Amino acid sequence: MPAHQQVPAVGPTDADQALRVQRDHEAIGRLADDLLPALIAKLAASGLGEIEVRESGWKARLRKPAGAEDGRRSAARGAAESHAGHGLVSVRPAGGHGRVTEDRDRRPREDDEEASEAEPGRVSATSPAVGVYHPRRDLAVGMPVRAGDRIGWVDVLGVQQDVAAPVDGLIGSSLAEAGEAVEYGQELVRIESPASDEFDGPGAARRPTVLGNA
Amino acid sequence: MFTKVLIANRGEIALRILRACRTLGVGAVVAYSEADREGLAAQLADEAICIGPADSKHSYLLAPAIISAAIVTGCDAIHPGYGFLAEDQGFAEVVRAHDLTFIGPPAEVLERFASKEATRRLLGSHGLSTIPGSGMLRDEAHALEEAERIGYPAMIKPSAGGGGKGMRLVRTPRELESAFKVSRSEAKAAFGDDALYLEKYLDETRHIEIQVAVDRFGSAVHLGERDCSVQRRHQKVIEETPSPALSDASRKELAELALRAIAAAGYENLGTLEFLVDSKGDAYFIEINCRVQVEHPITEMCTGIDLVALQIRIAAGEPLGLTQADVVSRGHAIEFRILAEDPTKDFRPQGGQVGAYLVPGGPGIRMDSHLYPGYEIPSYYDSLLGKLSVWAPDRTQAIARGDAALRELLVDGVTTNIELHRAILANQVFIDGKVTTDLLDRVGSAPFVAAGNR
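(A) Representation of the overall build of chain B within the structure. When helices and strands are tallied, chain B shows 16 helices and 22 strands. For 454 residues, the compact-globule formula gives about 22 Å, and the C-alpha radius of gyration of chain B, at 21 Å, lands near that figure. Across its three principal directions, the C-alpha atoms of chain B cover 60 × 55 × 45 Å. Each of the 454 residues in chain B was classed as buried or not, and the buried ones make up 52%. Within chain B, contacts between residues separated by at least 24 positions form 66% of all contacts whose residues are at least 6 apart in sequence.

So, in structure tokens, the structure goes:
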């Protein structure tokens, strides 16, 4: 930027400042409009206590209030109606600008997924426990599911724990293989959001819900 | 030896165990809750696995999650650290049922020492003096009867307990009546067991504990004592070794007595026998801790023995590899528990994000902590930020090094008790080695800090 080169200032120029402020405003807007609703849906559906996402220098963290629903299964089943009850949303810059990549380097692999899943329509069913993952045998890409539908299970010392769809949608790509060891909260299957007329039309309510039965 | 150990704990002790595994050449997997994803142990480990949500009931206390994590990561042993499931015989049993090794005493040993009251009787029969006390209290009337027999003041104690929960000091029958129900419900809430007993309360006591190690083959050594008399509401604040309250002859006598009793009672692995020592120098056995203690570093600094590595080796079935003659304690060590608490605000736990963080250095300084700059302290767990331990050839120099190190220690962004430690070090009662367990509570911590600032 030649115009800037003529300014002898050492610190950030006013133009830089303004640009940064504008970017921050855009980031806040994006967080409020896109990211937070998706995060809230995920928090409600997954039974996680807390979710944090970092994106372009910003960090958003949602925490369930103490004493809120902690039974994972029922949380998943009640996903659709429980959106309202989850308080405590905090949004703030993650340790200054331009440090995002640094932070990421030290974070576990789920992170990049977590960030991308925050995009609208890209949520995943996560593992309810540490164990061995088994998808439902009839699970196929493009299959419609409702929030709370069982799409597989995780075997924990011989006990099956349900993997539930966190939101209504279509089964997307698998992120874990059948028989794979998975950790708590690990993303297993993507749930793609369908085109709205496919799902919310009058026919949607009559669609039989596929449940259980692996 | 094990090939891979699952570390089922968090904070500084997870890091301590990870370090021991690395020095032993054993693989390690850190099991963490969602709130500890950014914990230093999980970050430094070659392998880490999320076992559940922040709430420890669904993660660090959830046996199936921990065992499943060990199995899917190919571990052959589980180290429980301290707290959580460290002394849970049911957990130890289930671990063994899954062909894994519990790093600690075997389940049947934990079971034998699970009840404090039964342990006092057992070790009493092997030569240890115990504080006059009652059996399990049936009800309030029984409690009043027993208190009359042993004499007031008396302490109500939960059988399953620890950490001061459910404990009440009562000086009159009236106080006993009002405290009994509260203790019972506190014990029920904290330990899932509301069994209580009474103990004669000794004024002006010191808390002195003996560290022992016993292998599977019955070889046993003691590693001297630790004096944990600086306490606040039954929580240890500062620990030191050797105890300034014991002569060389009496420390040797107490340690040997404790070792004989515990070996005769069939103990195995690391253990700590806690005693109250009264003003006459009489030592009464109060309880045993079947785990590695928070304050183990000061013993390591004086003896040069890695206690966590020793614990792992014993659990793996190796012989002790050392005799009593090999255990030589040199110099003096003091540990300061650095807590996220505000001494000027009734010690309320403080959360927050660590800003600048600077660890002291120099001769004889050791820091066991999971902090790093930018670390966000989860609000779900205890307030222990780390342990600063110092060693010097004698107590006077150890106090001087302690003060210098505390001055260097910087934990920005969180309110800590660092100033309280400095105030205690500057207090004449501490300098004279005359602190008793009730001192901090009697004087109040705020006056200590205020006096230290003058």
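Alright, that's what it looks like, and here's the rest.
(B) Inspection of the sheet that holds strand β6 (residues 154-158) of chain B at higher detail. All names here are of chain B. Spatially, three strands are ordered β7-β6-β8 in an open sheet, and the strand pairing comes out antiparallel. Strands with a single pairing partner mark the edges of an open sheet, and in this sheet they are β7 (168-170) and β8 (196-200). Along the sheet, successive strands turn relative to each other by an average axial angle of 30°, direction set aside. Sheet topology note: the β6/β7 ladder contains three bridges and is antiparallel. Looking at β7, one finds that Met-155 is bridged to Leu-169. Packed on one face of the sheet, helix α7 (residues 140-150) meets β6 and β8 and runs near 20° to β8.

(C) How the structure looks around the sheet that holds strand β8 (residues 159-164) of chain A. All names here are of chain A. Strand order in the open sheet formed by four strands is β8-β7-β5-β10, with antiparallel pairing between adjacent strands. Taken across any chain shown, the strands that pair with only one partner, and hence form the sheet edges, are β8 and β10 (181-182). For strand β5 (residues 131-135) and strand β7 (residues 150-156), the ladder comprises four bridges, and the chain directions are antiparallel. Looking across to β7, one finds that His-134 is bridged to Trp-153.

(D) Focus on helix α11 (residues 307-315) of chain B. All names here are of chain B. With eight of its nine residues buried, α11 lies for the most part within the structure. The secondary structure elements touched by the buried residues of α11 are α1 (11-24), β4 (77-79), β5 (101-102), β9 (206-214), β12 (269-277) and α10 (296-303). After α11 finishes, the residue Gly-317 shows a positive phi value of roughly 90°.

(E) Summary view of the pairing of strand β2 (residues 27-33) of chain B. Residues and elements named next belong to chain B. Taking burial as the measure, the seven residues of β2 include six buried ones, the bulk of the element. Direction of pairing for strand β1 (residues 4-7) relative to β2: parallel, over a ladder of four bridges. Directly across from Lys-4, in β2, lies its bridge partner Gly-27. Direction of pairing for β2 relative to strand β3 (residues 47-52): parallel, over a ladder of five bridges. Bridged to Ala-31 within β3 is Ile-49.

(F) The arrangement of the nonpolar core in detail. Judged by nonpolar contacts, the single largest core of 113 residues is most densely connected at Leu-6, Ile-7, Val-30, Ala-31, Ile-66, Ile-78 and Ala-258 of chain B. Counting 34 residues, the second-largest nonpolar core is a separate cluster that includes Ala-392, Ile-399, Ile-424 and Val-435 of chain B.

(G) Layout of the pairing of β6 of chain B. Residue and element names in this part refer to chain B. Judged by how many residues are buried, β6 sits mostly within the fold: four of five residues are covered. Here five bridges tie β6 to β8, and the two strands are oriented antiparallel to one another. In the sheet register, Ala-154 faces β8, and the bridge partner there is Lys-200.

(H) How the structure looks around the interface of chain B and chain A. Contact residues are listed per partner, giving 19 residues for chain B and 17 residues for chain A. Elements with a minimum of two residues in the side of chain B that touches chain A: β3 and α3 (63-72) of chain B. The greatest single-element share of the side of chain B that touches chain A, amounting to six residues, is contributed by α3 of chain B. Of the residues that constitute the side of chain B that touches chain A, the class distribution is 11 nonpolar, five polar and three charged.

(I) Up close: the packing of α7 of chain B against helix α8 (residues 173-191) of chain B. All names here are of chain B. Where α7 meets α8, the closest approach of the two axes is 10 Å, and the angle between their N-to-C directions is 145°. As α7 packs across α8, the resulting crossing turns out to be right-handed. Contacts between α7 and α8 involve Glu-140, Ala-143, Leu-144 and Ala-147 on the former and, on the latter, Pro-173, Leu-176, Glu-177 and Phe-180. Class assignment for the residues of the contact of α7 with α8 results in six nonpolar, no polar and two charged.

(J) How the structure looks around unusual backbone geometry. Residue and element names in this part refer to chain B. The peptide bond linking Tyr-152 to Pro-153 adopts the cis configuration, its omega dihedral lying at -5°. Structurally, the position occupied by Pro-153 is in the loop between α7 and β6. Cis peptide bonds are those with omega within 30 degrees of zero, and the linkage from Thr-241 to Pro-242 qualifies with -5°. The residue Pro-242 is located in the loop between β11 (235-241) and α9 (248-264) in this model. Non-glycine residue Arg-233 carries a positive phi angle of around 45°. Relative to the helices and strands, Arg-233 is located in the loop between β10 (220-232) and β11. At Asn-269, a residue that is not glycine, the phi angle is positive and equals roughly 85°. The residue Asn-269 is located in strand β12 in this model.

(K) A look at the environment of Phe-84 of chain B. All names here are of chain B. The residue Phe-84 is located in the loop between β4 and α4 (89-97) in this model. C-alpha separation for the pair Phe-84 and Ser-59, spaced 25 residues apart in sequence, amounts to 9.9 Å. Not counting the four nearest positions on each side in its chain, Phe-84 is found in contact with Asn-9, Ser-56, Tyr-60 and Leu-61.

(L) Structural context of helix α12 (residues 395-408) of chain B. Residues and elements named next belong to chain B. In this model α12 runs 20 Å from its N-terminal to its C-terminal C-alpha over 14 residues, within 8% of the 20 Å that 1.5 Å per residue would give. Along α12, the residues classified as buried are Ala-398, Ile-399, Arg-401, Gly-402 and Ala-405. One side of α12 holds all its buried residues, which, seen down the axis, span an arc of 165°. Residues Thr-396 and Arg-407 are exposed on α12 and point more than 90 degrees away from its buried face. Residues of α12 that are buried sit in contact with β14 (332-339), β19 (365-369), β21 (384-392), α13 (418-426) and α14 (428-431).

What counts, and at which threshold
By convention here, each chain's residues receive numbers from 1 onward along its written sequence. Chains and ligands are labelled by the order in which they are written, letters from A for the one and numbers from 1 for the other. Owing to the predicted nature of the model, reporting of local features is limited to residues with pLDDT of at least 70; listing and counting of side-chain atom pairs is limited to 80 or more, with chain, interface and lining totals taken over all residues. Counting from the N terminus, the helices are DSSP H or I runs at least four residues long and the strands are E runs at least two residues long. Two things to know: the radius of gyration comes from C-alpha atoms, and the globule rule equals 2.2 Å times the number of residues to the power 0.38. Buried means a residue has 20 or more other C-beta atoms within 10 Å of its own C-beta, exposed means 12 or fewer, and partly exposed covers the counts in between; C-beta atoms are placed from the backbone. Throughout, a pair of residues is in contact if the C-beta atoms placed from their backbones lie within 7 Å. Two strands are counted as paired when DSSP detects at least two bridges linking them. Here an axis means a line fitted to C-alpha atoms, over the contact stretch when the element is a helix, while the angle between two N-to-C directions is reported on a 0 to 180 degree scale. A set of buried Ala, Val, Leu, Ile, Met, Phe, Trp, Tyr and Cys residues, joined through C-beta atoms within 7 Å, is what we mean by a nonpolar core. Residues are grouped as follows: Ala, Val, Leu, Ile, Met, Phe, Trp, Tyr, Cys and Pro are nonpolar; Asp, Glu, Lys and Arg are charged; all remaining types, including Gly, are polar. If you view the pair so one helix is near and one far, a crossing is left-handed when the near helix is turned anticlockwise from the far one by less than a right angle, and right-handed when it is turned clockwise. The length a helix should cover is 1.5 Å for every residue beyond the first. The arc in question is the one traced by the directions running from the helix axis out to the C-beta atoms.

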